[in-house]
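Each chain, written out:
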Amino acid sequence: CDATLSPVPCMGGEGKQPTQFLEPCGLLFHPIRQALFVADSGNHRIQIFDPRSFQLLGIWGELGTDDGHFNKPWSLAGDLEGNIYVVDSENNRVQKFDVQGNVVPAFWETVKKQKDKPNQPRDVAIHEEEDTSKVYILDASLQKVFMYDTNGNLLHTFGSEVLKNSMGIVVTGQSLYVGDNDKKCLHKFKQDGEYIGAALGYEGPVAALAVDVNGDLLVHTGSSLAPIRLSQEGGYGKR
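Cut-offs applied
- Residues numbered from 1 in each chain as written.
- Predicted model: local features only at pLDDT ≥ 70, side-chain atom pairs only at ≥ 80, totals over all residues.
- Heavy atoms only, no water.
- Pairing = 2+ DSSP bridges.
- Helix = DSSP H or I, 4+ residues; strand = E, 2+ residues; numbered from the N terminus.
- Axes fitted to C-alpha atoms, helices over the stretch in contact; angles between N-to-C directions.
- Core = buried A, V, L, I, M, F, W, Y, C linked by side-chain atoms within 4.5 Å.
- Buried < 20%, exposed > 50% of the residue type's maximum accessible area, 1.4 Å probe, protein only.
- Contact = heavy atoms within 4.5 Å.
- Polar contact = N/O pair within 3.5 Å; in protein donor to acceptor, adjacent residues only side chain to side chain.

## Regarding the sheet that holds strand 18 (residues 228-230)
As a general point, the strands of a sheet are linked pairwise by backbone hydrogen bonds and lie either parallel or antiparallel. Taken in spatial order, the 3 strands line up as 16-17-18 in an open sheet, and their pairing is antiparallel. In this open sheet, the two strands that pair with only one neighbour each are strand 16 (208-211) and strand 18. Neighbouring strand axes in the sheet, compared pairwise and without regard to direction, differ in orientation by 25 degrees on average. Taken together, the 4 bridges between strand 16 and strand 17 (residues 217-220) define a ladder with antiparallel strand orientation. From the neighbouring strand, Val211 faces strand 17, where its bridge partner is Leu217.

Encoded structure:
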């Protein structure tokens, strides 16, 4: 409640043993499993913890290119059915897992078959609306956002006209936000890709984005400082 920062007990410490991390990157709270998923990037695995006791519940993956293996898992997102999407950064793909942890290879196989597809996925976000979910993949090399259904069918692409060195993506309500580390700003889009503008009043690096229970944006700058909270009710300007 006082906003101080402290290590979570039983989680962390540099190393390769269970509960230890090397270059941890992404976090996901899974509401169905009531578990916290951590992308342990340097160890090429996902570690799963109980958010109340912080005890280790399981480990997914190891270094490799086969389905279910990872090479620097980077970020995580989950859909309404409990499926989990993992940006497998050095393997240049996004892997889908069901709620039990079984890989669903059909998702990325469908993505790869399409002419317009990501080259270097950097981040992933999910938008849930009634009984459907949309998967948004931010690509680092093409500098644009790909929007898919949960089966991997492409619905739309956007953002290449404004994004530079982008990192961090989150969808909330009818809006989508992407961090831009070249312009040191946050870009706001409508869900269909229409550009709204840059968030006025924020200028700085973006490592990751999230939304809190009040609907406010949380911006992780990549530093040791606490995330910055921004109101979505702020202004936006294209120039």
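After presenting the structure, the write-up continues.
## A closer look at the nonpolar core
If you look at the biggest cluster of nonpolar residues, it comprises 16 residues, and the most contacted ones within it are Tyr136, Val145, Leu163, Ile169, Leu176, Val178 and Phe189. Contributing elements (two or more residues each) for this core: strand 9 (132-139), strand 10 (144-149), strand 12 (166-172), strand 13 (175-180), strand 14 (185-190) and strand 15 (195-199). In this structure, Val145 is in contact with Tyr136, Ile137, Leu138, His156, Thr157, Phe158, Leu163, Ile169 and Val178, ignoring residues within four places of it in sequence. Tyr85, Val87, Val111 and Ile137 belong to the second-largest nonpolar core, a separate cluster that totals 13 residues.

## A look at the pairing of strand 10
Sheet faces and side chains relate simply in a regular strand, where the side chains alternate between the two faces. The buried count for strand 10 comes to 5 of 6 residues, which makes it a mostly enclosed element. Pairing geometry for strand 9 and strand 10, over 6 bridges, is antiparallel. Its bridge partner being in strand 10, Lys134 is matched across the sheet by Asp149. Here strand 9 hands over to strand 10 after 4 residues, with Gln143 in that stretch at a positive phi of 55 degrees. As defined by bridge partners, strand 10 adjoins strand 11 (residues 154-158) across 4 bridges and the pair is classed as antiparallel. By the bridge assignment for strand 11, Tyr148 is matched with Leu154. The hairpin formed by strand 10 and strand 11 contains 4 residues between the paired strands, and Gly152 there has a positive phi angle of roughly 95 degrees.

## Quick look at the side chain of Ser41
You can see Ser41 is positioned in the loop between strand 2 (35-40) and strand 3 (45-49). Here the side chain of Ser41 touches Pro73 through a polar contact of 3.5 Å, landing on its backbone oxygen. Aside from chain neighbours lying at most four places away, what touches Ser41 is Leu22, Glu23, Pro24, Cys25, Lys72, Pro73 and Trp74.

Purely geometric numbers; function is a separate question.
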